[in-house]
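Structural overview
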Amino acid sequence: RKGTVIITGASSGLGLATAKALAETGEWHVIMACRNFLKAEKAAKSVGITKESYSVMHLDLASLESVRQFADTFRRSGRPLDALVCNAAVYLPTAKEPTYTAEGFELSVGTNHLGHFLLARLLLDDLKQSDYPYKRLIIVGSITGNTNTLAGNVPPKANLGDLRGLAGGLNGIQSSAMIDGGDFDGAKAYKDRKVCNMLTMQEFHRRYNEETGITFASLYPGCIATTGLFREHIPLFRLLFPPFQKYITKGYVSEEEAGGRLAQVVSDPSLTKSGVYWSWNKNSESFENQLSKEASDAEKARKLWEVSEKLVGLA
Ligand code: NDP
């Protein structure tokens, strides 16, 4: 049978390119989990994904209610779940003030971390039950949250501190809207939540890999300077960023290539190792990359897990 993969945020950029790459193999049915149904349908058609190889299901990660409904709807579809890709993200680098999710969490951490955390937890049982040869849960990471890299050292740097803002609910009222309890900074919030994504992947690995046989992985697909992720950035940045990445840092990858890399992590039989953060070298070969000290801090991963459980109503 075909495998079934859910990809969040498959309506543009990396998610769409990955959906296309997997659909084209003929071995996958792709569930595009998107907040904008029409946009997702149009996007699938525009890149030529054939009708029988995808379905669009509504998911707004900025609402925990929507996450729960999505998990129910998916279950009612009767499909098995063989791979889950947590890809969607918002990036608000120029925001002066925080904005919030339906439940009142700062938007980028709420969407990118808490929404995906609940989704992955709810669908873990479905993955467990799959009889597919490999079952995988993948969370898209980023170099920017890794302070052991050059890109990760561009201020403001990621830092979750002692998680006091998160523990306080990130609501900007009783607690800060930032995880570490500091003043709001949209660019830092994006990096912080990438650290959350990488810590979450490792905690999943520690808790569930042996028991379930599920592969938990994260990756940095390269700098895809052309995606919608930078839509909120100032125009000059959007003009200069792609050539800067292409010619100066040489970290640039096309959406198609990045999609191929993520598709590899979903389906390549040689990438079944769990707990790994994948990256690609100049020859486009995958390798196990090192995470920064904070992004591999086991104690912080456990604490993040416990605080997140409370916030999304699982504990
Ligand atoms: P895009 O902005 O093109 O894609 C982001 C996707 O997330 C869109 O489909 C968007 O939906 C979706 N999304 C945003 N908010 C929600 C929500 N509340 N509910 C459901 N879906 C939502 O950016 P990229 O493709 O670049 O980003 C994809 C991933 O890749 C992210 O995790 C990003 O951090 C990561 N990444 C990107 C890099 C880059 O250089 N671009 C480098 C490393 C990692 P909609 O279409 O409706 O807006």
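The sections below set out a description of the structure shown in this document. This is a predicted model, so every value here is computed, not measured.

Conventions used here
- Residues numbered from 1 in each chain as written.
- Predicted model: local features only at pLDDT ≥ 70, side-chain atom pairs only at ≥ 80, totals over all residues.
- Heavy atoms only, no water.
- Buried < 20%, exposed > 50% of the residue type's maximum accessible area, 1.4 Å probe, protein only.
- Helix = DSSP H or I, 4+ residues; strand = E, 2+ residues; numbered from the N terminus.
- Pairing = 2+ DSSP bridges.
- Axes fitted to C-alpha atoms, helices over the stretch in contact; angles between N-to-C directions.
- Salt bridge = Lys/Arg side-chain N within 4 Å of Asp/Glu carboxyl O.
- Patch = residues over 30% accessible without salt bridge, like charges linked within 9 Å, V, L, I, M, F, W, Y side chains within 5 Å.
- Areas by Shrake-Rupley, 256 points an atom, 1.4 Å probe, with all protein chains shown as cover.
- Lys, Arg positive; Asp, Glu negative; His and termini not counted.
- Contact = heavy atoms within 4.5 Å.
- Arc of directions from axis to C-beta.
- Polar contact = N/O pair within 3.5 Å; in protein donor to acceptor, adjacent residues only side chain to side chain.
- Parallel < 35°, antiparallel > 145°, perpendicular 65-115°, else oblique.
- Left-handed = near helix turned anticlockwise from the far one by under 90°.
- Nonpolar A, V, L, I, M, F, W, Y, C, P; charged D, E, K, R; others polar.
- Expected span 1.5 Å × (residues − 1).
- Phe/Tyr/Trp six-rings, centres within 6.5 Å; stacked < 30°, edge-to-face > 60°.
- Lys NZ or Arg CZ within 6 Å of the ring centre and 35° of its normal.

Judged by how many residues are buried, strand E5 (residues 136-140) sits mostly within the fold: five of five residues are covered. On E5, burial covers both faces: Arg136, Ile138 and Val140 on one face and Leu137 and Ile139 on the other are all buried. Here four bridges tie strand E4 (residues 83-86) to E5, and the two strands are oriented parallel to one another. Paired with Ala83 across the strands is Arg136, a residue of E5.

Moving on, we come to the sheet that holds E5. Across the sheet, which stays open at both edges, the eight strands sit in the order E3-E2-E1-E4-E5-E6-E7-E8 with mixed pairing between neighbours. The sheet is open, and its two edges are formed by strand E3 (54-58) and strand E8 (286-288), each paired on a single side. Direction aside, neighbouring strands of the sheet carry axes that sit 25° apart on average. With five bridges connecting them, strand E2 (residues 28-34) and E3 associate as parallel partners. Its bridge partner being in E3, Cys34 is matched across the sheet by His58.

Attention now moves to the pattern of salt bridges. Per the counting criterion, the structure on display carries 18 salt bridges. We note a salt bridge from Asp125 to Lys128, for which the minimum N-O separation is 3.4 Å. Residue Asp125 and its partner Lys128 are both found in helix H4 (residues 107-129); the two are separated by three residues, about one turn of the helix. Asp125 gets classed as partly exposed once you look at its relative accessible area, which sits at 43%. Overall, the relative accessible area of 31% leaves Lys128 in the partly exposed class. Where Glu306 meets Arg302, a salt bridge forms, and the shortest distance between an N and an O atom there is 3.0 Å.

This next bit is on a nonpolar patch on the surface. Together, Ile234, Leu236, Leu239 and Leu240 make up an exposed nonpolar region whose accessible area comes to about 410 Å². Along the chain, the position of Leu239 falls in helix H7 (residues 235-249).

Position of Arg193 among the secondary structure elements: in helix H6 (residues 186-212). Lacking a salt bridge, the buried Arg193 has Glu106 as its closest oppositely charged neighbour, with an N-O distance of 8.8 Å. Setting aside residues no more than four positions away along its own chain, Arg193 makes contact with Ala88, Ala89, Ser108, Val109, Asn112 and His113.

Regarding helix H2 (residues 37-46), the residues found buried are Ala40, Ala43 and Ala44. All buried residues of H2 fall inside an arc of 100° around its axis, so they share one side. In H2, those exposed residues whose orientation departs by more than 90 degrees from the buried face are Leu38, Lys42, Lys45 and Ser46. You can read the cap of H2 off the contacts: a side-chain oxygen lies 3.3 Å from the backbone nitrogen of Leu38, and it is on Asn36.

With that settled, the discussion passes to the packing of helix H1 (residues 13-24) against helix H8 (residues 255-267). Axis separation between H1 and H8 bottoms out at 7 Å; the angle between their running directions is 60°. When the interaxial angle is binned, H1 and H8 end up oblique. In this structure, the crossing between H1 and H8 has a hand that is right-handed. Residue-level inspection shows Gly13, Leu14, Ala17, Thr18, Ala21 and Leu22 of H1 in contact with H8, the latter providing Glu255, Glu256, Ala258, Gly259, Gly260, Leu262, Ala263, Val266 and Ser267. For the contact of H1 with H8, the class distribution of residues is eight nonpolar, five polar and two charged.

Okay, helix H3 (residues 64-76) next. When the terminal C-alpha atoms of H3 are compared, their 19 Å separation across 13 residues agrees well with the 18 Å that a helix rising 1.5 Å per residue should span. Residues Leu64, Ser66, Val67, Phe70, Ala71 and Phe74 constitute the buried set of H3. Taken down its axis, H3 places every buried residue within 155° of arc, on the same side. Positioned one or two residues after H3, Gly78 has a phi angle of 75°, which is positive.

Enumeration over the complete set of coordinates arrives at seven aromatic pairs. Between Tyr91 and Tyr190 the ring centres are 4.5 Å apart and the planes differ by 55°, which places this aromatic pair in the tilted class. Here the residue Tyr91 occupies a position in the loop between E4 and H4, and Tyr190 occupies one in helix H6, the gap between them amounting to 99 residues. Each of the two residues, Tyr91 as well as Tyr190, counts as buried. An aromatic cluster of at least three residues, connected via ring pairs, comprises Phe117, Phe204, Tyr208, Phe216 and Trp305. Directly above the aromatic system of Tyr134 lies the positively charged group of Arg136, at a separation of 5.0 Å from the ring centroid.

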